[in-house]
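# Examining the three-dimensional arrangement
Each chain is listed here by its residues.
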Amino acid sequence: MRRRLLNNLGLKLVSVILAVVLWFMVVMISNPKDSVTFSGIPVNLIHTELLEEEEKLYEVLNDTDKVRVTVEAPRKVIDQLRSSDIVAEADVSRLTEVNTIAINCSVLNSAVEVSSITSSPDVVQLNVEDKATKWVNVKPYTTGEVAEGYMIYSKVSDQTRMEISGPESVIEQIDHAGLEMDVTGATDNVSGNVEIRFYDNARNLVDDADVIKNADSMHMVVTVLALKEVPVEVTVTGEPADGYLLTGGVECEPSTVVLAGTVSALADVNKVNVFMDITEESADVEKIINLRPYLDSGIRFADSSFDGRVRASVHIEASVERTLTIPGRNVTVQNLPEGFELEFPELQQTYRLRISGLSAATAAVEQSMVQGTLDIAAWMREQNMTELTAGVYDIPVDFEVPGDVVIENEVIARVTIKAVEEEE
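Computed from a predicted structure; not experimentally measured.

### Description of the overall build of the chain
In terms of helices and strands, the chain carries 8 helices and 29 strands. For the chain, whose C-alpha radius of gyration is 55 Å, the value lies well above the compact-globule estimate of 22 Å for 424 residues. Across the 424 residues of the chain, 32% fall into the buried class. Sequence-distant contacts in the chain: of pairs separated by 6 or more residues, those separated by 24 or more amount to 75%. Counting only carbon and sulfur atoms, one obtains 47% of the accessible surface of the chain, whose full area is about 26,300 Å². A distance of 22 Å separates the average location of the 34 positive side-chain charges in the chain from that of its 70 negative side-chain charges.

### A few points about the side chain of aspartate 375
Considering the arrangement of structural elements, one finds aspartate 375 in strand β25 (residues 371-375). Of the side chains with opposite charge, arginine 381 lies nearest to the buried aspartate 375, which makes no salt bridge, at 5.1 Å. Among the polar contacts listed, one links the side chain of aspartate 375 to the backbone nitrogen of alanine 377, at a separation of 3.3 Å. Setting aside residues no more than four positions away along its own chain, aspartate 375 makes contact with Gln334 and Asn335.

### A few points about the pairing of β25
Burial of β25 is extensive: 4 of the 5 residues sit out of reach of the surface. As paired elements, β25 and strand β27 (residues 398-400) share 3 bridges and run antiparallel to each other. When the bridges of β27 are listed, threonine 373 appears paired with aspartate 398.

### Some thoughts on the environment of glutamate 343
Along the chain, glutamate 343 falls in strand β23 (residues 340-343). A residue is classified by how much of its surface remains accessible, and glutamate 343, at 35% relative accessible area, is partly exposed. Within the local environment of glutamate 343, its side chain forms a polar contact with the side chain of lysine 418, the two groups lying 3.4 Å apart.

### Side note on unusual backbone geometry
Following serine 120, the chain continues to proline 121 via a peptide bond in cis, the omega torsion being 0°. Mapped onto the elements, proline 121 comes out in the loop between β6 (116-120) and β7 (123-143). In the segment running from glutamate 253 into proline 254, the intervening peptide bond is cis, with an omega of -5°. With respect to the helices and strands, the residue proline 254 is situated in the loop between β15 (244-253) and β16 (256-261). Despite not being glycine, asparagine 62 has its phi angle at roughly 55°, a positive value.

### A few points about the sheet that holds strand β29 (residues 412-419)
The pairing of strands in a sheet happens through backbone hydrogen bonds and is either parallel or antiparallel. The strand order β23-β29-β26 describes an open sheet built from 3 strands, whose pairing is antiparallel. Looking along the sheet, the strands with just one partner apiece sit at the ends: β23 and β26 (391-396). Across the sheet, the mean angle from the axis of one strand to that of its neighbour is 35°, orientation sign disregarded.

### Some points on the sheet that holds strand β18 (residues 285-290)
In space, the 3 strands of this open sheet follow the order β15-β20-β18, with antiparallel pairing throughout. With partners counted over all chains shown, the strands left at the sheet margins are β15 and β18, one partner each. Neighbour-to-neighbour, the strand axes of this sheet turn through a mean angle of 20°, independent of strand direction. Taken together, the 6 bridges between β18 and strand β20 (residues 309-318) define a ladder with antiparallel strand orientation. Pairing of asparagine 290 across the sheet is with arginine 309, part of β20.

### Some thoughts on a negative patch on the surface
On the surface, Glu49, Glu52, Glu53 and Glu54 cluster together into a patch of negative charge. Within the secondary structure, glutamate 54 is located in the loop between α3 (49-53) and β2 (56-60).

### Observations concerning the packing of aromatic side chains
Under the counting rule described, the total for this entry stands at 4 aromatic pairs. Lying over the aromatic face of tyrosine 199, arginine 203 brings its terminal NZ or CZ to 5.8 Å of the ring centre.

### Digging into the pattern of salt bridges
Scanning the entire structure with this criterion turns up 8 salt bridges. In this structure, lysine 213 engages aspartate 216 in a salt bridge whose closest nitrogen and oxygen atoms are separated by 3.6 Å. Judged by its relative accessible area of 22%, lysine 213 falls in the partly exposed class.

### Digging into the confidence of the model for the chain
Chain-level pLDDT for the chain is 89 on average; 92% of the residues reach the 70-or-more range. Confidence drops under pLDDT 50 across residues 26-30; counting only partners more than four residues distant or on other chains, this segment forms 2 contacts.

### Digging into the side chain of serine 119
Examined against the element boundaries, serine 119 turns out to sit in strand β6. A distance of 3.0 Å separates the side chain of serine 119 from the backbone oxygen of proline 121, its partner in a polar contact. In contact with serine 119, not counting residues within four places along its chain, are Val67, Arg68, Val69, Ile103 and Cys105.

### Overview of the environment of valine 183
Mapped onto the secondary structure, valine 183 falls in the loop between β10 (176-182) and β11 (190-195). Spatially, the C-alpha atoms of valine 183 and valine 224 are 9.0 Å apart, while their sequence positions differ by 41 residues. With near-sequence residues (within four places) excluded, valine 183 lies in contact with Thr142, Thr143, Gly144, Glu145, Val146, Ile152, Val190 and Val222.

### A look at the environment of threonine 100
Topologically, threonine 100 is positioned in strand β5 (residues 100-107). Sequence-wise, threonine 100 and leucine 61 are 39 residues apart; in three dimensions their C-alpha atoms are separated by 9.9 Å. A polar side-chain atom of threonine 100 sits 2.8 Å from a polar atom in the side chain of threonine 96.

Quick notes on the rules
- Residues numbered from 1 in each chain as written.
- Predicted model: local features only at pLDDT ≥ 70, side-chain atom pairs only at ≥ 80, totals over all residues.
- Heavy atoms only, no water.
- Helix = DSSP H or I, 4+ residues; strand = E, 2+ residues; numbered from the N terminus.
- Rg over C-alpha atoms; globule rule 2.2 N^0.38 Å.
- Buried < 20%, exposed > 50% of the residue type's maximum accessible area, 1.4 Å probe, protein only.
- Contact = heavy atoms within 4.5 Å.
- Areas by Shrake-Rupley, 256 points an atom, 1.4 Å probe, with all protein chains shown as cover.
- Lys, Arg positive; Asp, Glu negative; His and termini not counted.
- Charge placed at Lys NZ, Arg CZ, Asp CG, Glu CD.
- Salt bridge = Lys/Arg side-chain N within 4 Å of Asp/Glu carboxyl O.
- Polar contact = N/O pair within 3.5 Å; in protein donor to acceptor, adjacent residues only side chain to side chain.
- Pairing = 2+ DSSP bridges.
- Axes fitted to C-alpha atoms, helices over the stretch in contact; angles between N-to-C directions.
- Patch = residues over 30% accessible without salt bridge, like charges linked within 9 Å, V, L, I, M, F, W, Y side chains within 5 Å.
- Phe/Tyr/Trp six-rings, centres within 6.5 Å; stacked < 30°, edge-to-face > 60°.
- Lys NZ or Arg CZ within 6 Å of the ring centre and 35° of its normal.
- pLDDT = per-residue confidence, 0-100.

Here it is as structure tokens:
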């Protein structure tokens, strides 16, 4: 038997080799190898919690988490493969010093035999940073202009501060969170939920794609009020000290104020009237008056920088006296009953009239222009006289002087009243 097996051994080996080759060729002809490439295969990052434990955040660079996978396998396998059958993974535990991770590709069905499977690119590139957290202020903003005659009185958000976290390089750029609400043409309050955005200290937008926040929007209310400009009027109360008078000049700075409120609240407001007491004052009085107590509830000052105080000034001067010499011809007689005539004494050619008032007012009186009147009927009523009889009487003279001047003395004219003799 041994001799038979070893007889023609070389020929027998060649026959076996030829048989194997022939079988392989038959197999290849009936089911040859082929390759296929799938694009856009997502790379699943595993064990990312390792970075979270180290308080680090990552960002995939250059879209390296989307790869092209090439599979080489028998044609029958290739014909049945779909992109959904391909799995690409990158294990974060294998992160290199240059922040790359090798990509491992496989087929979901482990029973499927493939000759090779490769990806391009073959690594995921990451940007790994320390995680930073901080609190930032929330600032409400508006865009557009409210209607003419209206103003934005206040902008209020639900929160004034919020906590954010993210890559250190991004968080360091953020100065505050901002809310922007459009108020174009508004005549009433505007409110709603507004998207939260982040800004640097120059109010430039910061890309917040990697910022972790507890909300994407926040409620905001913009209070819009109507405007109305009204004068400030000062009402003087009390009397100055004896011998002193008001000059009539009352000054107020500012003389007008712009008020803000609802249209209905401002409808009946045409001025702000304040009071200033000058009792027993003998010189100019200047007071700071707070206007706020004079405003109805719901009405405000439009200028937020205005503290509501005005400076009111009242001018007071000493009263001066002046004695006028009024010529007798300036005195006329009125309402003398019929049948009587009146004569003035020859010696009474002038009347001395003492007046008082402000210096400018008394100086402006021209004595030659001052007129006096003897009203006989009025004098008789005061004396309870029903009939006039002839005689010598002392009758007061009524002089006409400007209203800002006071007559200090009573001027009496001694006159003779005679009955008119009838002609025969």
